[in-house]
Amino acid sequence: MTGLWELFWTFAKVGVMTFGGGYAMLPILEREVVENRHWATDLELTDYFAIGQCTPGVIAVNTATFIGQKRRGALGGVVATLGVVFPSVVIILILAGLISNFASLTAVQNAFAGIRVCVCVLIFNAVCKLWKSAVTGRLTLAVFLAVAVLSYFLSVSPALFVLAAAGIGIALELRNSPGREEEEK
Amino acid sequence: MVLLRLFYEFFKTGLFAVGGGLATFPFLVRMGGSTGWFTKSQLADMVAVSESTPGPLGVNMATYVGYTTAGVPGAVTATIGLVAPSVIVILLIAVFLRNFQDNRFVKSAFRILRPASTGLIAASGLSVAVLTFFGTASLTGASSVSWKAAALAALLLLLTRGISATRRVHPIVWIAASAAAGIVFQFAGV
């Protein structure tokens, strides 16, 4: 039986070693969870990761909840999640406190004005990377353009676009008759 | 009261932000606008700090926004709000739904969700870029282009996309270099 402390600390370690989240954490999870702890196989980890991407929220948190749940039930899921977010909370709190103390310095303001330019480039690069797996044909291109243009010019909650997109996706699949699905297989 | 609002706003973000990483960003842009808790510039600063520190981006952002809004209790509340929907949804899937990711409706929903989520990030990124390069929140009200910012952006694009030797360098290096460039060329005093 896996101890709750062990779950907490293992995922705190994963949290501290992950920069930026998403795919960056996969090799770290592999080493900690598969090789060191034998809590899951490589195949299971890939599955959890796939589910993490197909569910709302932060992928790292989704994966932690899944593995924690598998080891110690619902409580394990919660403990693993608390572990993975714990380092973030501590580190960001220290930094945020420091930055707000020095925010009025001219040098700090200049530094952040430079950093903002970099953030724009990083977001652009992230969009290009996401584009490759998201925009695969005419339909997905139309969805991308429609959402980008509408959400830029309209003051509408992003949640509405997410709900509409999920609805359209499900409706498209409902239109495919089950019979035809079988034939294709 | 502000803590309840923080929890609600981040719960919503956690529930609807799909795909991880910057998926929370469009929700935070919207949150800043509708609550007045932070400006777009402050949000861009928070993205930089979150990218430069360990931990999942969305969690770092939640902690940071929560802290600037309501101190340490705010940071904890926002973070718990963000992860709560994940934990609930994953526990339900783990217990009740086997092979959730292979379900044809889930697959089809995500085929449309992925470009939608990418579109949301692109639009919110553009709104921050307009602010950064033109100094105003709207294109039509633009007074002057910040040529220093444009030059730095062009250089960063070349380094992160054009030149293969530097393409895989960690973003933290570019963030640090941009901070240095900002100080040397006095970006804030445009």
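Residues numbered from 1 in each chain as written. Chains lettered and ligands numbered in written order. Predicted model: local features only at pLDDT ≥ 70, side-chain atom pairs only at ≥ 80, totals over all residues.

### Re the overall build of chain A
Of regular secondary structure, chain A possesses 8 helices and 0 strands. For chain A, the sequential pattern of α-helices and β-strands runs α-α-α-α-α-α-α-α. Here the C-alpha radius of gyration of chain A, 21 Å, is well above what a compact globule of 185 residues would show, namely 16 Å. Here the C-alpha coordinates of chain A stretch approximately 60 × 50 × 25 Å along the principal axes. Counting all 185 residues of chain A, 44% fall into the buried class. Here the analysis covers contacts within chain A between residues at least 6 apart in sequence; of these, 45% occur between residues at least 24 apart. (Helix = DSSP H or I, 4+ residues; strand = E, 2+ residues; numbered from the N terminus. Rg over C-alpha atoms; globule rule 2.2 N^0.38 Å. Buried ≥ 20, exposed ≤ 12 C-beta atoms within 10 Å, placed from the backbone. Contact = placed C-beta atoms within 7 Å.)

### Regarding the overall build of chain B
Tallying secondary structure elements over chain B gives 7 helices and 0 strands in all. Beginning at the N terminus, the succession of helices and strands in chain B can be written as α-α-α-α-α-α-α. For the C-alpha atoms alone, the extent of chain B along its principal axes is close to 55 × 45 × 35 Å. Counting only residues that meet the buried cut, chain B has 52% of its 190 residues in that class. Taking contacts inside chain B between residues at least 6 apart in sequence as the whole, the part at least 24 apart equals 56%.

### A short note on the interface of chain A and chain B
At the junction of the two partners, chain A supplies 80 residues and chain B supplies 91 residues. For the side of chain A that touches chain B, the elements supplying multiple residues, two or more each, are helix 1 (4–17), helix 3 (42–53), helix 4 (59–102), helix 5 (106–134), helix 6 (138–153) and helix 7 (158–175) of chain A. If you tally residues by element for the side of chain A that touches chain B, the top one is helix 5 of chain A, at 24 residues.

### Structural notes on the environment of A:F124
Following the sequence through the fold, A:F124 ends up in helix 5. For the pair A:F124 and A:A166, spaced 42 residues apart in sequence, the C-alpha separation works out to 24 Å.

### Some details on the packing of helix 1 of chain A against helix 2 (residues 26–36) of chain A
Residues and elements named next belong to chain A. Contact geometry of helix 1 with helix 2 gives a least axis separation of 10 Å together with a crossing angle of 155°. Between helix 1 and helix 2, the crossing angle belongs to the class labelled roughly antiparallel. Once helix 1 is placed against helix 2, the crossing between them reads as right-handed. On the side of helix 1, the interface is formed by T10, K13, V14 and M17, while helix 2 contributes I28, L29 and E32. Partitioned by chemical class, the residues of the contact of helix 1 with helix 2 number 4 nonpolar, 1 polar and 2 charged. (Axes fitted to C-alpha atoms, helices over the stretch in contact; angles between N-to-C directions. Parallel < 35°, antiparallel > 145°, perpendicular 65-115°, else oblique. Left-handed = near helix turned anticlockwise from the far one by under 90°. Nonpolar A, V, L, I, M, F, W, Y, C, P; charged D, E, K, R; others polar.)

### A closer look at the domain arrangement of chain B
The accessible area lost on association of the parts is a frequent measure of interface size. Residue and element names in this part refer to chain B. Partitioning chain B into structural domains gives domain 1 (2–137) and domain 2 (146–190). One C-alpha centre belongs to domain 1, the other to domain 2, and the line joining them spans 25 Å. In this assembly, 6 residues from domain 1 lie in contact with 7 residues from domain 2. Of all the elements in the fold, those that place two or more residues in the side of domain 1 that touches domain 2 are helix 3 (40–52) and helix 5 (104–134). For the side of domain 1 that touches domain 2, the class distribution of residues is 2 nonpolar, 3 polar and 1 charged. (Domains from an automatic or database assignment.)

### Some words on the environment of B:A176
Among the structural elements, B:A176 can be located in helix 7 (residues 171–184). Between the C-alpha atom of B:A176 and that of B:S52, which follows or precedes it by 124 residues, the distance is 8.9 Å.

### Considerations on the confidence of the model for chain A
Residues and elements named next belong to chain A. Mean pLDDT for chain A: 84, with 91% of residues reaching 70 or above. When the elements of chain A are averaged for pLDDT, helix 8 (residues 178–184) gives the smallest value, 50, and helix 6 the largest, 93. In the predicted structure, residues 181–185 sits below a pLDDT of 50 and forms 1 contact with residues beyond four places in sequence or in another chain. (pLDDT = per-residue confidence, 0-100.)

### Examining the packing of helix 3 of chain B against helix 5 of chain B
All names here are of chain B. Two elements in contact, helix 3 and helix 5, have axes whose closest approach is 10 Å; the angle formed by their N-to-C orientations is 105°. What the angle tells us is that helix 3 and helix 5 run roughly perpendicular. In contact with K40, S41 and A44 of helix 3, helix 5 contributes S127, V128, L131 and T132. By residue class, the composition of the contact of helix 3 with helix 5 is 3 nonpolar, 3 polar and 1 charged.

### What about helix 2 (residues 25–35) of chain B?
When helix 2 of chain B is considered as a whole, its buried residues turn out to be B:F25, B:P26, B:F27, B:L28, B:V29, B:R30 and B:M31. In this structure, the buried residues of helix 2 of chain B make contact with helix 6 and helix 7 of chain A together with helix 1 (2–16), helix 3, helix 4 (57–96) and helix 5 of chain B. One or two positions beyond helix 2 of chain B, positive phi appears at B:G36, with a value near 75°.

### Some thoughts on the nonpolar core
Membership of the largest hydrophobic core comes to 110 residues, with the highest contact counts inside it found for A:C118, A:V119, A:C120, A:I123, B:L113, B:A116 and B:I121. With 17 residues, the top contributor of residues to this core is helix 4 of chain B. (Core = buried A, V, L, I, M, F, W, Y, C linked by C-beta atoms within 7 Å.)

### Concerning the environment of B:T63
Summarising the element assignment, B:T63 is placed in helix 4. Counting along the chain gives 12 residues from B:T63 to B:A75, while the straight-line C-alpha distance between them is 4.4 Å. When residues no more than four places from it in sequence are discounted, the contact partners of B:T63 are A:S88, A:V89, A:I92, A:L93, B:A75, B:A78 and B:T79.

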